[in-house]
Amino acid sequence: MTQPRPVLVLTHVAHEGPGLVARALDGLPITTRTVLDDPEPRLPAVADLAGLVVMGGPMDADDDAGHPGLVAERRLLAEAVDAGVPTLGVCLGMQLLALALGAPLHRRHGTEIGFAPVDVVAHDPLLAPAGPRPTVLHWHSDAVDLPAGATLLASTTTTPVQAFRAGSAVGTQFHLEVDAGVLDLWLSTPQMVADLEPGEADAIRLGSRQHLAALRPGADLGLASFADAVRERA
């Protein structure tokens, strides 16, 4: 019996794992790799993957000198789009996806940290279940332009490109994958909270109690649509 193709999850720091994405992919083989500091990582061919997930991290998406493995990540992302592999990029992962498709990165474009709404501007299976203006978790300061030929899915005033789709790939600058356990881990990780303003961590905790439960059904349904595309390929 032929074994199903795995989903490759690329992570950049230990505390930013796939969260609810992994729950949606339950039952599928998942391979998790961290290759950002490897100048010549041996990554699988896209033909051998059922799906590709690229998670967040604190580094700049174009910092190839500091993190040479990012070159291979962007190459794999471009190949996945060309091959029609279901692909999801989150935060840094979305920025890497945009760069892989030729869009520029804008460092320190505008900081968004905490729970705030995004405007969903186009129908897409990943975001539609969350409604037209869901309150989501933001944690970033860099931004990207919309890649040529991609469809803008969500926007805020500070970050005009909050989500986009390019063929089989979708990226979100915000964090649909976070549940209460993941957020607790972030808020107990010194690297995550070191640059927060006084009282900001408490505001995020309060926001989680107000918004995570309301967002969860839509997030689960949206991520299930991504998982369905992966299962079709597996």
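Residues numbered from 1 in each chain as written. Predicted model: local features only at pLDDT ≥ 70, side-chain atom pairs only at ≥ 80, totals over all residues. Heavy atoms only, no water.

Colleague: So what's going on with the overall build of the protein chain? Residues and values would help.
Modeller: Counting its secondary structure elements, the protein chain contains six helices and twelve strands. On C-alpha atoms alone, the protein chain measures out to a radius of gyration of 16 Å, which is about the 17 Å that the 2.2 N^0.38 rule sets for 234 residues. Along the three orthogonal principal directions, the C-alpha set of the protein chain runs to about 50 × 40 × 35 Å. Burial analysis of the protein chain (234 residues in total) assigns 52% to the buried set. (Helix = DSSP H or I, 4+ residues; strand = E, 2+ residues; numbered from the N terminus. Rg over C-alpha atoms; globule rule 2.2 N^0.38 Å. Buried < 20%, exposed > 50% of the residue type's maximum accessible area, 1.4 Å probe, protein only.)

Colleague: Go over unusual backbone geometry, please, and point to the residues and values.
Modeller: In this structure, Cys91 is a non-glycine residue whose phi angle is positive, near 60°. Relative to the helices and strands, Cys91 resides in the loop between β4 (87-90) and α3 (92-100). Here the phi dihedral of Arg108 falls at roughly 50°; this positive angle occurs in a residue that is not glycine. Mapped onto the secondary structure, Arg108 falls in the loop between β5 (105-106) and β6 (112-117). Relative accessible area serves as the criterion here: at 53%, Arg108 is assigned to the exposed category.

Colleague: Tell me about the side chain of Ser155, and name the residues and values.
Modeller: Assignment of secondary structure puts Ser155 in strand β10 (residues 151-155). On the basis of relative accessibility, which here comes to 16%, the residue Ser155 falls in the buried class. Side-chain polar atoms of Ser155 contact the backbone oxygen of Pro160, separated by 2.8 Å. Apart from the residues within four sequence positions on either side, Ser155 is in contact with Val118, Asp119, Pro160 and Gln162. (Polar contact = N/O pair within 3.5 Å; in protein donor to acceptor, adjacent residues only side chain to side chain. Contact = heavy atoms within 4.5 Å.)

Colleague: How would you explain helix α2 (residues 69-83) if you had to name every residue and give the values?
Modeller: Compared with an ideal rise of 1.5 Å per residue, which puts 15 residues at 21 Å, α2 spans 21 Å between its outermost C-alpha atoms and is within 8% of the ideal. Restricting attention to buried positions, one finds in α2 the residues Gly69, Leu70, Ala72, Glu73, Arg74, Leu76, Leu77, Ala80 and Val81. Against the buried residues of α2 lie β1 (7-10), β3 (51-54), β4, α3, β11 (163-166) and β12 (169-172). In the stretch just after α2, Gly84 is the one whose phi turns positive, near 75°. (Expected span 1.5 Å × (residues − 1).)

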